[in-house]
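One letter stands for each residue in the lines below.
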Amino acid sequence: MELLIQGLESLLGAFLPYWVIVLLAFAIVITLILFFPTFLFMLMTWLLRRGIARIADRIGPNRVGLGPFNRERTRQRWTLWGLMQPIADGIKMFTKEDIVPEKADRLLHRIAPIAAIVPSFLVFAVIPFGKGLVATDLNVGILYVVAVSSIFTLVLLVAGWSSNNKYSLLGAMRTAAQMVSYEVPMVLSLVVPVLFAGSLSLNRIVENQGAWLGLRWHIFYFPLGTLAFITYFTAALAEINHTPFDLVEADSEIVAGYVTEYSGMKFALFFMGEFLNAFLVCALATILFLGGWQGPGVQLGGAWGYLFSVFWFFLKTFALYFLLIWIRGTWPRLRVDQLMHFAWKRLVPVTLVNLLLSGLVVIVVRLFLS
Amino acid sequence: MTFTVPRHDEFRFPGWGLLKGLWVTGKHFVRSYFLRNRRIPGKELFPGGRYGLFIVQYPEEQAPIPDRYRGLPILLYDDATRAELCTACMSCARACPVGIIHIEQGTDAEGKKIPYAASFTIEYDVCLNCGLCMDACAFGSIVLDHNLKTARTRREDFRMTKEKLLRPISYYEKIAPSLWAEMREEALKRLAGTINRRPPDVGRVPRKVAEG
């Protein structure tokens, strides 16, 4: 941010007052932060469809490419592995009829899909995508992330209630219960890397994992860090309603859950919110446990260090996202009672004990070894 | 009463089943990049089981159609003599459960009937693809095509007249060799008799139609 302001000042300082340059810098960053997740969402839907298809011995979308721009119109080349499929989907979503149920609470019904993507966009502001590539380096980064992303639970309830549909309401209630329950073990396992790093700032946590050529990741703090990673990932799966815990979209029981009464672009917005949450979960797991942008090569000076840092961050994040796809193509979903049982009777005790031991170890290390 | 389902594996630790599931899907994921519709003898999970991508990219490729595939009915004519096999015996029209085969028998100048169809129409839009006409035909004339692209834009286009229905025997021999081998001898013998009972150049496909 400061770098950007300085750069703009050196370029335009002669023509514009300082406050305009600051505003301009903020506008650029905000625009990037608003655009980046949208393209990310498109890429992720494509990745998910292709990945699941491969698991099911299919190819997945492979037709929509740059066909019209192909001079020979052979259709075989320029399909780009169907990379343009999300654009086709988007156009389709825009042309769909927007249905609002007669007895619905119209205002809330309209607000809910917008509010669904806002928290995800907000979290993107503090994610360090690379060395120095963070919009705002909050010193309470994790607290902010957890607080903001919990808004999604409220949005679900709003969407389910305003639809005035029994499936929507049941789905929303069920999901809210699930998300509130899994918030506890998730936050408890988030605190472990915070203890290791001694800071709530995401950037500081990443920097703490920079030793040993950028390979001293928190997941290698065996067994405490490893266990925390596993519990965090499990709880996060439930938090974003991903596969073994995707009771929201248990079609056979509650149709489509809280999105039952949504159509067209409103539905797509919920969809986008869920995909961005999935990305954020992977990104957070990367930052907290897998070293974030740290890795061999980041220590280099100049542009190479920055490039390597971005490369490592996205490599790790998308590796985790592939794990999500893999899980999605494999595991069946739990029953509601099994879900609650697992959260309160298994995950919470494990994470509590893990947190206690981590605290002890950190204190011992601080007192006696350093 | 309880039944025990044998799972053929031992329990090792909590989550073992989940990991096994991931192993199976992971194998499919990796295989899909290397194999395609591959049969591995002795390793089939079920009859006809394949490994790798289980796909045929339809408009570009097509799976082989079995000989006994029941498409829409067509009429056959002999390649060499261009003589139609049909004698207008009406068996197929009677056998058709939906009555969409309309035949008019040809006559000579004095009104005497000749064994050939002056007009032969099938309404393709109502056809059930049941194949009863083919079973009823004693001359091996009416058979079922293997054409998959049967969509038309107008209803009139589904009224198939004789000119549109006729195909050479060589065509049918190519698409359904085993079926033609079964009926070949009988059909050709009867065709020879039919030609004898027709005046010359009656019941023949015009050279133009036959050649293009």
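Residues numbered from 1 in each chain as written. Chains lettered and ligands numbered in written order. Predicted model: local features only at pLDDT ≥ 70, side-chain atom pairs only at ≥ 80, totals over all residues.

Draft legend 1. View of the overall build of chain B. In terms of regular secondary structure, chain B is built from seven helices and six strands. The order of α-helices and β-strands along chain B, N terminus first, is α-β-α-β-β-α-β-β-α-β-α-α-α. Along the first, second and third principal axes, the C-alpha atoms of chain B reach 95 × 45 × 40 Å. For chain B, the proportion of its 212 residues judged to be buried stands at 23%. (Helix = DSSP H or I, 4+ residues; strand = E, 2+ residues; numbered from the N terminus. Buried ≥ 20, exposed ≤ 12 C-beta atoms within 10 Å, placed from the backbone.)

Draft legend 2. Molecular detail of the overall build of chain A. Per the secondary structure count, chain A includes 14 helices and zero strands. Mapped from its N terminus to its C terminus, chain A presents α and β elements in the order α-α-α-α-α-α-α-α-α-α-α-α-α-α. Its C-alpha atoms give chain A a radius of gyration of 22 Å, within 12% of the compact-globule value 21 Å for 370 residues. For chain A, the spread of C-alpha atoms along the principal axes amounts to about 65 × 60 × 45 Å. Taking contacts inside chain A between residues at least 6 apart in sequence as the whole, the part at least 24 apart equals 74%. (Rg over C-alpha atoms; globule rule 2.2 N^0.38 Å. Contact = placed C-beta atoms within 7 Å.)

Draft legend 3. Seen up close, the sheet that holds strand β5 (residues 159–160) of chain B. Residues and elements named next belong to chain B. What the three strands build is an open sheet, ordered β2-β3-β5; its pairing is antiparallel. Among the strands making up the open sheet, the edge pair consists of β2 (101–107) and β5. Bridging between β2 and strand β3 (residues 113–123) involves seven bridges; their strand directions are antiparallel. The residue of β3 that forms the bridge with Gly-106 is Ile-114. (Pairing = 2+ DSSP bridges.)

Draft legend 4. The arrangement of the sheet that holds strand β1 (residues 73–77) of chain B in detail. Residues and elements named next belong to chain B. If you trace the three strands from one edge of the open sheet to the other, you get β4-β1-β6, paired in mixed fashion. The sheet terminates laterally at β4 (142–144) and β6 (166–168), the two strands that pair on one side only. Pairs of neighbouring strands in the sheet enclose a mean axial angle of 50°, with direction left out of account. With three bridges joining them, β1 and β4 adopt antiparallel strand pairing. From the neighbouring strand, Ile-74 faces β4, where its bridge partner is Val-143. (Axes fitted to C-alpha atoms, helices over the stretch in contact; angles between N-to-C directions.)

Draft legend 5. Quick peek at the interface of chain B and chain A. Taken together, the 12 residues of chain B in the interface contact nine residues of chain A. Of the residues that constitute the side of chain B that touches chain A, the class distribution is six nonpolar, six polar and no charged. (Nonpolar A, V, L, I, M, F, W, Y, C, P; charged D, E, K, R; others polar.)

Draft legend 6. Structural context of helix α7 (residues 166–197) of chain A. The end-to-end C-alpha distance of α7 of chain A is 46 Å, a good match for the 46 Å that 32 residues give at a rise of 1.5 Å each. Within α7 of chain A, the axis deviates most sharply at Glu-183 of chain A, by approximately 25°, and proline Pro-185 of chain A lies no more than four positions further along. (Expected span 1.5 Å × (residues − 1). Bend = angle between axes of the 7 residues up to and from the residue.)

Draft legend 7. Fine view of the environment of Leu-34 of chain A. Structurally, Leu-34 of chain A can be placed in helix α2 (residues 18–55). Spatially, the C-alpha atom of Leu-34 of chain A lies 24 Å from that of Arg-49 of chain A, the residues being 15 residues apart in sequence.

Draft legend 8. Representation of the environment of Phe-15 of chain A in the model. When you line up the elements, Phe-15 of chain A lands in the loop between α1 (2–12) and α2. Overall, Phe-15 of chain A belongs to the exposed group, with 8 C-beta atoms counted inside 10 Å.

Draft legend 9. Spotlight on the packing of helix α4 (residues 106–124) of chain A against helix α5 (residues 141–149) of chain A. All names here are of chain A. Two elements in contact, α4 and α5, have axes separated by 9 Å at closest approach and are oriented at 170°. Judged by the inter-axis angle, α4 sits roughly antiparallel to α5. Residues Pro-119, Leu-122 and Val-123 of α4 form the contact with α5, whose participating residues are Val-145, Val-148 and Ser-149. Split into classes, the residues belonging to the contact of α4 with α5 amount to five nonpolar, one polar and no charged. (Parallel < 35°, antiparallel > 145°, perpendicular 65-115°, else oblique.)

Draft legend 10. Fine view of the confidence of the model for chain B. For chain B, the mean per-residue pLDDT works out to 86, and 92% of the residues sit at or above 70. Listed scores for the predicted complex are pTM 0.80 and ipTM 0.80. (pLDDT = per-residue confidence, 0-100.)

Draft legend 11. Local environment of the pairing of β1 of chain B. Residues and elements named next belong to chain B. Taking burial as the measure, the five residues of β1 include five buried ones, the bulk of the element. Where burial is concerned, the two faces of β1 agree: the one with Pro-73, Leu-75 and Tyr-77 and the one with Ile-74 and Leu-76 are both buried. One ladder, built from three bridges, connects β1 with β6; its direction is parallel. Pairing of Tyr-77 across the sheet is with Pro-168, part of β6.

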